[in-house]
Every structure is written in C-alpha cells, then in structure tokens.
Amino acid sequence: MKKIKLKKNKGILFWVTGLSGSGKTRIAKRIVGDITKSYGKTIVLSGDDIRNIFKLKGYSYKDRLDTVFKYCKLAKNITSQNVNVIFAVIGMMDKIRSWNRKNQNNYVEIFIKSDLKKIIKAKKKKLYHKKISKIVGIDIQPEFPKNPHIKIINNFDKDINYLSKEVVKKIKNLLY
C-alpha cells in the first residue's frame, strides 16, 4: 500500500463507497471520532441525507452521475476550508473516483465490499425488497473500485465496531 502525504491546511476527503446496505454510513459514523482526534475537525455526510435535504429525485445512471459530481464539489469546498469530510455514498462510477483523485487535495478512497446476495439475505436495505427500478447492483451495473486505498470486506459476520477499527487502523498506516 502506497502511503499518502497530506497537503497542509487542507481537509481530507474520506470517500466511503460500496453497494447500498454494505455498511458505509454505519462505519463512517463510527470512525468520525478517531478521525477528528488524529486529523482535526471532521464531518460525516451521506448520499442519502444529501438527497433528502435537497430533494434530489433522479436515479438513472446519468442522474446519479450528475448528483454525485455535486457531492464531490461540495466535499471539495468543505475540505478547502481545512475540514475533513467522511462521505458515505454509493458513488460506484469510475469517472467520479477519477475526478476525486485529480481534484481533491487529500483523498482517501475506502471501498466497503459486500456481496449483494448477502446484503439482501441480511435485509440490510429495504429497497432490495421493493418493486422499484434503477438500483445499483441490480438494474445499474456498479463500477467497483479497481485500486481503492483501503478495502474492507463486510460479509456481516463481523461486528461493525470491529470493521470500523480496521478502517481507522488502515487510515493511520496510509497517511503521513
């Protein structure tokens, strides 16, 4: 794993990505305290919360791409003010991750890998049991990260606190 040298006076974007129900937001909320202690003021944002706040409705691939680019620009604005952002979002698009790598000063990509069948079986998200379309992983092919900085496997056989501690440990080994 190649270490990342942090740029001074800029926040860090921790981009937590994975399928809906993989545990992204739960992990993000559990690591915020450790990230704040180690790297300074930190906030957690989730794609679901931002969608609800701004009443973003579109779920097609194009709609999702446009929406997630807005998330990226919001995160860049916040990190430019020396505030860290842990952003939990599906964001399973190569264009998005490429943009973040090129445009974010301090960027850490965290992939929470979960098997869709296990997510459905564990009933982690009700959306998989509804009669709706445009679901990433079912109707929209996800573009899984090829080289995330951190990859965590969540098969729902380990406690979320354990997985969160693993993320924090890997972050501390990654950044300098």
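Draft legend 1. Highlighting helix H1 (residues 24–39). Where H1 bends most, at isoleucine 31, the angle is about 40°. Those residues of H1 that sit buried are Lys24, Ile27, Ala28, Ile31 and Ile35. On its buried face, H1 is in contact with strand E1 (13–17), strand E2 (42–46), strand E3 (84–88), strand E4 (107–113) and helix H6 (160–174). Once H1 ends, the next one or two residues include glycine 40, with phi positive near 100°.

Draft legend 2. Molecular detail of the packing of helix H2 (residues 47–54) against helix H3 (residues 61–79). Orientation of H2 relative to H3, taken along the N-to-C sense of each, is 100°, at an axis distance of 11 Å. Relative to H3, the element H2 lies roughly perpendicular. Of the residues in H3, those in contact with Gly47, Ile50 and Arg51 of H2 are Arg64, Thr67, Tyr71 and Leu74. Looking at the contact of H2 with H3, its residues break down into three nonpolar, two polar and two charged.

Draft legend 3. How the structure looks around the packing of H1 against H6. Contact geometry of H1 with H6 gives a least axis separation of 9 Å together with a crossing angle of 40°. As for the relative orientation of H1 and H6, their crossing is right-handed in sense. In this structure, H1 contributes Arg26, Ile27, Arg30, Ile31, Asp34, Ile35, Ser38 and Tyr39 to the contact, and H6 contributes Ile160, Asn161, Leu163, Ser164, Val167, Val168, Ile171 and Lys172. Among the residues forming the contact of H1 with H6, the class breakdown is nine nonpolar, three polar and four charged.

Draft legend 4. Here's a closer look at the side chain of threonine 67. Counting through the fold element by element, threonine 67 comes out in helix H3. The buried category is assigned to threonine 67, whose relative accessible area is 7%.

Draft legend 5. Representation of the side chain of histidine 149. Within the element layout of this structure, histidine 149 appears in the loop between helix H5 (116–121) and strand E5 (150–153). Polar side-chain contacts of histidine 149 include one of 3.3 Å to the side chain of arginine 101. Within the local environment of histidine 149, its side chain forms a polar contact with the backbone nitrogen of glutamate 109, the two atoms lying 2.8 Å apart. Discounting residues that sit within four places of it in the chain, histidine 149 has contacts with Met1, Ile4, Arg101, Tyr107, Val108, Glu109 and Leu174.

Draft legend 6. Here's a closer look at the pairing of E1. Of all five residues in E1, five are buried, a share of seventy percent or more. Here E1 shows no split at all, with Leu13, Trp15 and Thr17 on one side and Phe14 and Val16 on the other all buried. Relative to E3, E1 is paired through four bridges, and the arrangement is parallel. Paired with valine 16 across the bridge in E3 is alanine 88. Sheet analysis places E1 next to E4, joined by five bridges and oriented parallel. The partner of tryptophan 15 across the bridge, within E4, is glutamate 109.

Draft legend 7. Main features of the pattern of salt bridges. By the definition in use, this model includes six salt bridges. Put simply, glutamate 109 and arginine 97 hold a salt bridge, and the shortest N to O gap is 4.0 Å. Of this pair, glutamate 109 sits in strand E4 while arginine 97 is found in helix H4 (residues 94–103), placing the two residues 12 residues apart along the sequence. Exposure class is identical for glutamate 109 and arginine 97. Each is buried. In this structure, the salt-bridge partner of arginine 101 is glutamate 109, at a minimum N-O distance of 3.4 Å. For arginine 101, a relative accessible area of 39% puts it in the partly exposed group. One continuous salt-bridge network, built from bridges that share partners, spans Asp94, Arg97, Arg101, Glu109 and Lys146.

Conventions adopted
Residues numbered from 1 in each chain as written. Predicted model: local features only at pLDDT ≥ 70, side-chain atom pairs only at ≥ 80, totals over all residues. Heavy atoms only, no water. Bend = angle between axes of the 7 residues up to and from the residue. Helix = DSSP H or I, 4+ residues; strand = E, 2+ residues; numbered from the N terminus. Buried < 20%, exposed > 50% of the residue type's maximum accessible area, 1.4 Å probe, protein only. Contact = heavy atoms within 4.5 Å. Axes fitted to C-alpha atoms, helices over the stretch in contact; angles between N-to-C directions. Parallel < 35°, antiparallel > 145°, perpendicular 65-115°, else oblique. Nonpolar A, V, L, I, M, F, W, Y, C, P; charged D, E, K, R; others polar. Left-handed = near helix turned anticlockwise from the far one by under 90°. Polar contact = N/O pair within 3.5 Å; in protein donor to acceptor, adjacent residues only side chain to side chain. Pairing = 2+ DSSP bridges. Salt bridge = Lys/Arg side-chain N within 4 Å of Asp/Glu carboxyl O.

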